[in-house]
Amino acid sequence: MTQSNDKDSPEVDTTEAMFEQWREQESRVPLDDLRPQDGIVFLIYWALFAVVLLQFWTRYVLNDSYGWTEEIARYLLIAVTFIGSVTAMRKGSHIAVEAVITLAPKAVRHWTLVLIDGLVTLFCGAMAWYGYELGARAPGYMVSVDIPKSVIYWVVSAGLAAMTVHAAIRFVQRLRGQLEDETSGTVLD
């Protein structure tokens, strides 16, 4: 009776090659394409970190929690999400399902990506407008601090407006053929 070695099977070789390719892609985090406006999300992130650390310290070490830290942390997390999405939109690194597009012929892939970029532009623009409208109608102040609730709606709206600008730039570039139609995902054979 012979014992088969799993390392010699073709499935393991393919899986290892796939993971090695993934590790190689993940090891290179390009920081050379950061812009000054990307610094805003880093500032908000570190403010969020400081507030959560203060919340942890006061709740579990001092056993006397500050009430405002939970609400402010929630709003800072919303701000990090929408302001950080601007960088992801500029870089074209939002999550996408690329399985069908990757297998499509070149012309179909191009016009599908043009359509997607156009729809994303329209969606982000509409959501930016609705966010602004909600901010204008938001009544009252936050529960634990004396800041109008409309501020958070306007931060979300500003993030969506900036995403609209970057999506429109991508749409025009793709329409003119200035942007490659290659997808960023890994293709498995």
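Use the structure listed above.
Notes on the structure in this doc start here. Just so we're clear, the structure is a prediction, and the values are computed from it rather than from any experiment.

1. Quick word on the environment of isoleucine 152
- Within the secondary structure, isoleucine 152 is located in helix α6 (residues 150-176).
- A relative accessible area of 12% places isoleucine 152 in the buried class.
- Once the C-alpha coordinates of isoleucine 152 and leucine 76 are considered, the two residues, 76 residues apart in sequence, prove to be 8.8 Å apart.
- Isoleucine 152 has contacts with Tyr75 and Ile78, leaving out every residue within four places of it along the chain.

2. Overview of helix α5 (residues 106-137)
- Its 32 residues give α5 an end-to-end C-alpha distance of 46 Å, which sits within 8% of 46 Å, the value for a rise of 1.5 Å per residue.
- Arg109, His110, Leu113, Val114, Asp117, Gly118, Thr121, Cys124, Ala128, Gly131 and Gly135 are the residues of α5 that are buried.
- Taken together, the buried residues of α5 touch α3 (68-91), α4 (99-103) and α6.

3. Points about the nonpolar core
- Ile44, Leu48, Val51, Ile72, Leu76, Val80 and Met142 are the most contacted members of the largest nonpolar core, which has 14 residues in total.
- Every element with two or more residues in this core is listed here: α2 (39-61) and α3.
- Top element by residues in this core is α3. It accounts for 7 residues.
- Those residues in contact with isoleucine 44, other than ones at most four positions away along the chain, are Leu76, Ala79, Val80 and Ile83.

4. Overview of a nonpolar patch on the surface
- On the surface, Leu31, Leu34, Phe42, Tyr45, Trp46, Phe49 and Leu53 cluster together to form a nonpolar patch covering roughly 740 Å² of accessible area.
- One can find leucine 31 in the loop between α1 (10-27) and α2.

5. Re the side chain of histidine 166
- Summarising the element assignment, histidine 166 is placed in helix α6.
- Among residues more than four places away in sequence, those in contact with histidine 166 are Val86, Met89 and Arg90.

6. Brief notes about the pattern of salt bridges
- On inspection of all chains with the given rule, the structure shows 4 salt bridges.
- In this structure, arginine 90 and aspartate 38 form a salt bridge, with 2.5 Å as the shortest nitrogen-oxygen distance. Here arginine 90 is found in helix α3, whereas its partner aspartate 38 is found in the loop between α1 and α2, with 52 residues between them in sequence.
- Here arginine 90 falls in the buried class, since its relative accessible area comes to 16%.
- Assessed through its relative accessible area of 2%, aspartate 38 is described here as buried.
- Between arginine 174 and aspartate 117 there is a salt bridge, and its shortest N-O distance comes to 2.6 Å. Taken as a pair, arginine 174 in helix α6 and aspartate 117 in helix α5 lie far apart in primary sequence, 57 residues in all.

Conventions used here
- As a convention, each chain's residues are numbered from 1 in the sequence order in which they are written.
- Where totals are concerned, whole chains, interfaces and linings use all residues; where local detail is concerned, this predicted model gives features only for residues with pLDDT of at least 70, and gives and counts side-chain atom pairs only at 80 or more.
- Only hydrogens and water are set aside when side-chain values are computed; all heavy atoms of the structure are taken into account.
- A run of H or I in DSSP becomes a helix once it reaches four residues, and a run of E becomes a strand once it reaches two; helices and strands are each numbered from the N terminus.
- Under the scheme applied here, a residue whose accessible area is under 20% of the maximum for its type counts as buried, over 50% as exposed, and between as partly exposed, the area being computed with a 1.4 Å probe on protein chains only.
- In this description, contact between two residues means that some pair of their heavy atoms is separated by no more than 4.5 Å.
- Working rule for helices: expected span equals 1.5 Å times residues minus one.
- Think of a nonpolar core as a cluster: buried Ala, Val, Leu, Ile, Met, Phe, Trp, Tyr and Cys residues, connected wherever their side-chain atoms sit within 4.5 Å.
- Patch criteria: residues need more than 30% relative accessible area and no salt bridge. Like-charged residues are merged within 9 Å; nonpolar side chains of Val, Leu, Ile, Met, Phe, Trp and Tyr are merged within 5 Å.
- What sets the accessible areas is the Shrake-Rupley method with a 1.4 Å probe; for residues, cover comes only from the shown protein chains.
- The salt bridge criterion pairs a side-chain nitrogen of Lys or Arg with a carboxyl oxygen of Asp or Glu, the two atoms within 4 Å.

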